[in-house]
Amino acid sequence: MLAKGFSVDPRRCQLLGLTGSVVLALGGETAGALPVRELPALASGRAALGLVGVYFGVVLLIAAWALLGRVIRGPEPPSPRALLVVLAVWATPLLLAPPLFSRDVYSYLAQGAMVDAHIDVYTHGPAILGGPLADEVAPVWQRTATPYGPVFLAVSSALSGLTRGEVPAGLFGMRVVALLGVALMAAALPRLARHSGADPAAALWLGALNPLVLLHLVAGAHNDAIMLGLLGAGLVAALGRWPVLGAVLVTLAALVKVPALLGLAAVVALQVRSGRSMARAVATTAVAAVATTVAATAAAGTGYGWIGALKTPVSPENLSPTSILGRATGALLQGLGSDLAPFALPAWHALGLVATAVAVLAIWLRSPRLGPVYALGLSLAAVAVLGPAIRPWYALWGLFLIAAAAPSTSVRHRVAAVTGALALAVLPSGGPPDAEQLALAVSGGMLALVVLWQAHQTTTAPVLGRTA
């Protein structure tokens, strides 16, 4: 607990977060998702020190973000512009770090090279490409078709052409693309918050300065940044006098990753709220979405195989609730000698999809009271939680819009608590942890907590002495 006389200096928050980002980036030089030729031995001292450093930096970053939230709730909150400066300061060291917390960015580059080479990414995995770039892809995805849409594949293909298949240049380029997505998110949040009657500064704090954004969208360069950036821009356009542009941008977001397709419901709802009839709003949005899909797919030249590729299998170790229940049920049935064991996992995944549909329908039936932006955020959160696969960065699908439209401070507090936990959930290498790595990670986090506590004691001691 913070002492009663303790006050938070925004500049110290900024410096603390910057320190966390720098230490995190430095630790990633030996513990991150490095190219295979640069990977140190897992048992090496460099790898161990890097892992401790990464978690030390992550905890500092989370602490800086939490303290900044205290400033925002204080008597003199920073302006949205000042928060954008903080975001830039915290993100800058991560731009120069190796990929962190996932090897997905290598898959993106390989898929772009495949499109460039006229290989069907909806039929083949990166293994067919061969060469150094394909070797960087995680083994579980080597022979897996991509579920990404033509818009993202067009971006990754263009980047492949610009970088000529060079991995370092490709990694930096993909991170710049992700950063542009984060910039669109940050630009959209204040406008969406004002429309929803929320505090723009609080929306930026939760939706853009969030540690998950920094760790997974910036450091991890995930294409979710492009999806969310286009989705936010589309909703902003739909708030104004450009509902067709809004539908186009939201459709482009869905052609990066399909969950954004739910955003079209918000575009329709926003039109109805502005006075358009339901029939006209639906027709306008549908025509714009279909036309955009046809045009984008033709321009990318990848075809419509992404629809079938949505059935791409999830990784065996996936920790989504339905996957956990499916594996547990399968193990139980197998122990009982039942022939139904192989069907347990698909059955639970199917139940999850049904539950998702029911939850989304229930949310939108209440949308007149919730508001379109908040209803969309809750819907995307339901898709992430109840779907067959979940990763920490999937939480940002719903969190981004919940940050903009949450009806109360208590909702933001609960979402922030989930964020802090998820920020610690993945190793910087992106691989599954073992006992030794977990011990090193915990050591790094505990060391950061000790340093923070000592700094807190030093800072508050004069204040407590004066008030004694």
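Scope of this entry: the structure provided in the associated data block.

Cut-off values and rules
- Residues numbered from 1 in each chain as written.
- Predicted model: local features only at pLDDT ≥ 70, side-chain atom pairs only at ≥ 80, totals over all residues.
- Heavy atoms only, no water.
- Phe/Tyr/Trp six-rings, centres within 6.5 Å; stacked < 30°, edge-to-face > 60°.
- Helix = DSSP H or I, 4+ residues; strand = E, 2+ residues; numbered from the N terminus.
- Buried < 20%, exposed > 50% of the residue type's maximum accessible area, 1.4 Å probe, protein only.
- Patch = residues over 30% accessible without salt bridge, like charges linked within 9 Å, V, L, I, M, F, W, Y side chains within 5 Å.
- Areas by Shrake-Rupley, 256 points an atom, 1.4 Å probe, with all protein chains shown as cover.
- Salt bridge = Lys/Arg side-chain N within 4 Å of Asp/Glu carboxyl O.
- Core = buried A, V, L, I, M, F, W, Y, C linked by side-chain atoms within 4.5 Å.
- Contact = heavy atoms within 4.5 Å.
- Expected span 1.5 Å × (residues − 1).

Turning to the packing of aromatic side chains, a few remarks are in order. Taken as a whole, this structure holds six aromatic pairs when the rule is applied. Look at Tyr-108 and Phe-152: their rings are 4.9 Å apart centre to centre, the planes differ by 80°, and that puts the pair in the edge-to-face class. Placement of the pair is Tyr-108 in helix α4 (residues 104-116) and Phe-152 in helix α6 (residues 150-163), with a sequence separation of 44 residues. What makes Phe-152 buried here is its relative accessible area of 0%. Ring geometry for Tyr-394 and Trp-397: centres 4.6 Å apart, planes at 20°, overall stacked. Of the two residues, Tyr-394 and Trp-397, neither departs from the other in class, the shared state being buried.

Residues Leu-96, Phe-172, Val-176 and Leu-180 make up a contiguous nonpolar surface patch of roughly 420 Å² in combined accessible area. Classification of Leu-96 as exposed rests on a relative accessible area of 67%.

Counting residues in hydrophobic clusters, the biggest one holds 138 residues, and the most contacted among them are Leu-68, Trp-90, Leu-192, Leu-231 and Leu-401. In terms of residue count, the dominant contributor to this core is helix α2 (residues 45-72) (15 residues). Setting aside chain neighbours within four positions, we find Trp-90 in contact with Cys-13, Gln-14, Gly-17, Leu-18, Ser-21, Leu-61, Ala-64, Trp-65, Leu-68, Leu-209 and Leu-214.

The next thing to look at is α4. Compared with the 18 Å implied by 1.5 Å per residue over 13 residues, the 19 Å span of α4 between its first and last C-alpha is a close match. For α4, the tally of buried residues reaches 12 of 13 residues, placing the bulk of the element in the interior. Among all positions of α4, only Asp-104, Val-105, Tyr-106, Ser-107, Tyr-108, Leu-109, Ala-110, Gln-111, Gly-112, Ala-113, Met-114 and Val-115 are buried. In this fold, the buried residues of α4 make contact with α5 (131-135), α6 and α7 (167-196).

Once that is clear, we can look at the pattern of salt bridges. Throughout the structure, instances matching the rule amount to two salt bridges. Taking the shortest distance from any N to any O, the salt bridge between Arg-103 and Glu-136 comes out at 3.1 Å. Taken together, the residues span a long stretch of sequence, with Arg-103 in the loop between α3 (80-95) and α4 and Glu-136 in the loop between α5 and α6 at a distance of 33 residues. When sorted by exposure, Arg-103 lands in the same class as Glu-136, which is buried.

In short, geometric facts, not functional conclusions.
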